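Letter by letter, the chains look like this.
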Amino acid sequence: MSLAGKVCLVTGGTRGIGKGVALQLGEAGATVYVTGRTLTPKAGSVGGSLTDTEREIAERGGRCIPVQCDHSKDEEIEKLFEKINKEQSGQLDILVNNAYAAFRVGEDVEKKSFWEEPVSAWDSVNNVGLRNHYLCTVYAARMMVPRKRGLIVNISSIGGLRYLGDVPYCVGKEALDRMAVDCGHELIKHNVACLSLWPGVVKTENMLHLLSVLDSKKMDKLGDMVSRTF
């Protein structure tokens, strides 16, 4: 399917699932706005930057417009949509809500229980992973509804259906799925769709790094957790 002439926004597209989505949209012919906090590659990081994503989309024949944006800051989100609205004359066809601050299944497979964590863990996971998705959906809807077309996709997970090692994460994903349903209910009469997508376990840069540093015992525990979940 050709997406020539379409305008898309992928939040959190410096690496991982967001980058993969952005590459495919660009290769299909869309103009793709990609956001992230890392503009250029940083030494010692897991990897990924806006300039890397821009280059790879260009190599596939697509057009990428990188926008440095911290999705924990409301004013930067507002400026992002103002930029797209101005540059594309109000057109936005696809929004992919992917930006995420923290999935805390890390090197310490046996993490603390929720009552042993600081209460700030809730905000660190759900401020960008849930609240920001709602803000982006609001701004996108304001562009899509007048044009009577559009698609909004939330990158979610099965963690919204069953326990996946972290309480704030799972509650946030369940809320994200419900948000997609309820927003979709109000948007459908305007010919705009809103849905959640569960990619499952993906071989992202973060996952590859995690696998490289875990010893065999922790690998077995991680494998058991994944198998019990899926």
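Structure's up top.
Cut-offs used in this document
- Residues numbered from 1 in each chain as written.
- Predicted model: local features only at pLDDT ≥ 70, side-chain atom pairs only at ≥ 80, totals over all residues.
- Heavy atoms only, no water.
- Helix = DSSP H or I, 4+ residues; strand = E, 2+ residues; numbered from the N terminus.
- Buried < 20%, exposed > 50% of the residue type's maximum accessible area, 1.4 Å probe, protein only.
- Contact = heavy atoms within 4.5 Å.
- Areas by Shrake-Rupley, 256 points an atom, 1.4 Å probe, with all protein chains shown as cover.
- Core = buried A, V, L, I, M, F, W, Y, C linked by side-chain atoms within 4.5 Å.
- Phe/Tyr/Trp six-rings, centres within 6.5 Å; stacked < 30°, edge-to-face > 60°.
- Axes fitted to C-alpha atoms, helices over the stretch in contact; angles between N-to-C directions.
- Parallel < 35°, antiparallel > 145°, perpendicular 65-115°, else oblique.
- Left-handed = near helix turned anticlockwise from the far one by under 90°.
- Nonpolar A, V, L, I, M, F, W, Y, C, P; charged D, E, K, R; others polar.
- Expected span 1.5 Å × (residues − 1).
- Polar contact = N/O pair within 3.5 Å; in protein donor to acceptor, adjacent residues only side chain to side chain.
- Arc of directions from axis to C-beta.
- Salt bridge = Lys/Arg side-chain N within 4 Å of Asp/Glu carboxyl O.
- Patch = residues over 30% accessible without salt bridge, like charges linked within 9 Å, V, L, I, M, F, W, Y side chains within 5 Å.
- Pairing = 2+ DSSP bridges.

### A look at the overall build of the protein chain
Logical step 1: Each helix and strand counted, the protein chain has seven helices and six strands in total.
Logical step 2: Across the 230 residues that make up the protein chain, the buried fraction comes to 44%.
Logical step 3: For the protein chain, the proportion of contacts with a sequence separation of at least 24, taken over those separated by at least 6, is 71%.
Logical step 4: Here the protein chain displays about 12100 Å² of accessible surface, and carbon together with sulfur accounts for 54% of that area.

### Considering the nonpolar core
Generally speaking, soluble globular proteins have nonpolar side chains that are buried together.
Logical step 1: Within the largest apolar cluster, 26 residues are counted, with the highest numbers of intra-cluster contacts made by L9, F81, I84 and L92.
Logical step 2: Elements supplying a minimum of two residues to this core: β1 (7–10), β3 (63–68), α3 (74–87), α4 (120–147), α5 (167–187) and β6 (192–197).
Logical step 3: In terms of residue count, α4 provides more of this core than any other element does, seven residues in total.
Logical step 4: With near-sequence residues (within four places) excluded, I84 lies in contact with V7, L9, Y33, S89, Q91, L92 and M143.

### Describing the packing of aromatic side chains
Logical step 1: Taken as a whole and assessed by the stated rule, the structure comprises three aromatic pairs.
Logical step 2: For the pair F114 and W115, a centre-to-centre distance of 5.1 Å together with 85° between the ring planes defines the contact as edge-to-face.

### A short note on the packing of α4 against α5
Logical step 1: Interhelical geometry of α4 versus α5 gives an angle of 15° and a closest axis separation of 9 Å. Classed by the angle they form, the pair α4 and α5 counts as roughly parallel. α4 and α5 meet at a crossing whose hand is right-handed. Note on element contacts: α5 touches α4 through P168, Y169, V171, G172, A175, L176, M179, C183 and L187, opposite A121, W122, V125, N126, G129, L130, H133, Y134, T137, A141 and V145.
Logical step 2: When the residues that make up the contact of α4 with α5 are grouped by side-chain class, the tally is 15 nonpolar, five polar and no charged.

### Observations regarding α5
Logical step 1: The end-to-end C-alpha distance of α5 is 30 Å, a good match for the 30 Å that 21 residues give at a rise of 1.5 Å each.
Logical step 2: What α5 keeps buried is the set P168, Y169, C170, G172, K173, L176, D177, M179, A180, C183, G184 and L187.
Logical step 3: Regarding α5, its N-cap is D166, as a side-chain oxygen of that residue lies 2.9 Å from the backbone nitrogen of Y169 further along.

### Examining helix α2 (residues 50–59)
Logical step 1: Taken together, the buried positions of α2 are L50, D52, T53 and I57. Buried residues of α2, seen end-on, are gathered within an arc of 160° and therefore sit on one face of the element.
Logical step 2: Its buried side turned inward, α2 meets α1 (16–27), β2 (31–36) and β3.
Logical step 3: Taken from the residues just after α2, G61 is the one with a positive phi, measuring 90°.

### So, the pattern of salt bridges
Logical step 1: Overall, the coordinates contain eight salt bridges when judged by the stated rule.
Logical step 2: Residues D52 and R55 are paired through a salt bridge, measuring 3.7 Å at the closest nitrogen-oxygen approach. Separated by three residues within a single helix, D52 and R55 lie in helix α2, roughly one turn from each other.
Logical step 3: Taking the relative accessible area as the measure of exposure, D52 reaches 17% and is therefore buried.
Logical step 4: In this structure, a network of salt bridges that share partners links the residues D52, R55 and E59.

### Details of the environment of R15
Logical step 1: Along the chain, R15 turns up in the loop between β1 and α1.
Logical step 2: Taking relative accessible area as the criterion, R15 reaches 28% and is therefore assigned partly exposed.
Logical step 3: Distance in space between the C-alpha atoms of R15 and T53 is 7.7 Å, their sequence separation being 38 residues.

### Digging into a nonpolar patch on the surface
Logical step 1: On the surface, a nonpolar cluster with roughly 680 Å² of combined accessible area is contributed by F114, W115, W122, Y163, V167 and V171.
Logical step 2: As for its placement among the helices and strands, W115 is situated in the loop between β4 (94–97) and α4.
Logical step 3: The class of W115 is exposed, set by a relative accessible area of 62%.

### Examining the sheet that holds β3
Logical step 1: Taken in spatial order, the six strands line up as β3-β2-β1-β4-β5-β6 in an open sheet, and their pairing is parallel. Because the sheet does not close on itself, it has two edges, and the strands there are β3 and β6. Within the sheet, the average angular offset between the axes of one strand and its neighbour, ignoring direction, is 15°.
Logical step 2: Alignment of β4 against strand β5 (residues 150–155), held across four bridges, turns out to be parallel. Looking across to β5, one finds that L95 is bridged to I152.
Logical step 3: Against the sheet, α3 touches β1, β2 and β3, its axis set at about 150° to β3.
Logical step 4: The sheet contacts of α5 involve β5 and β6, and relative to β6 the element is tilted by about 165°.

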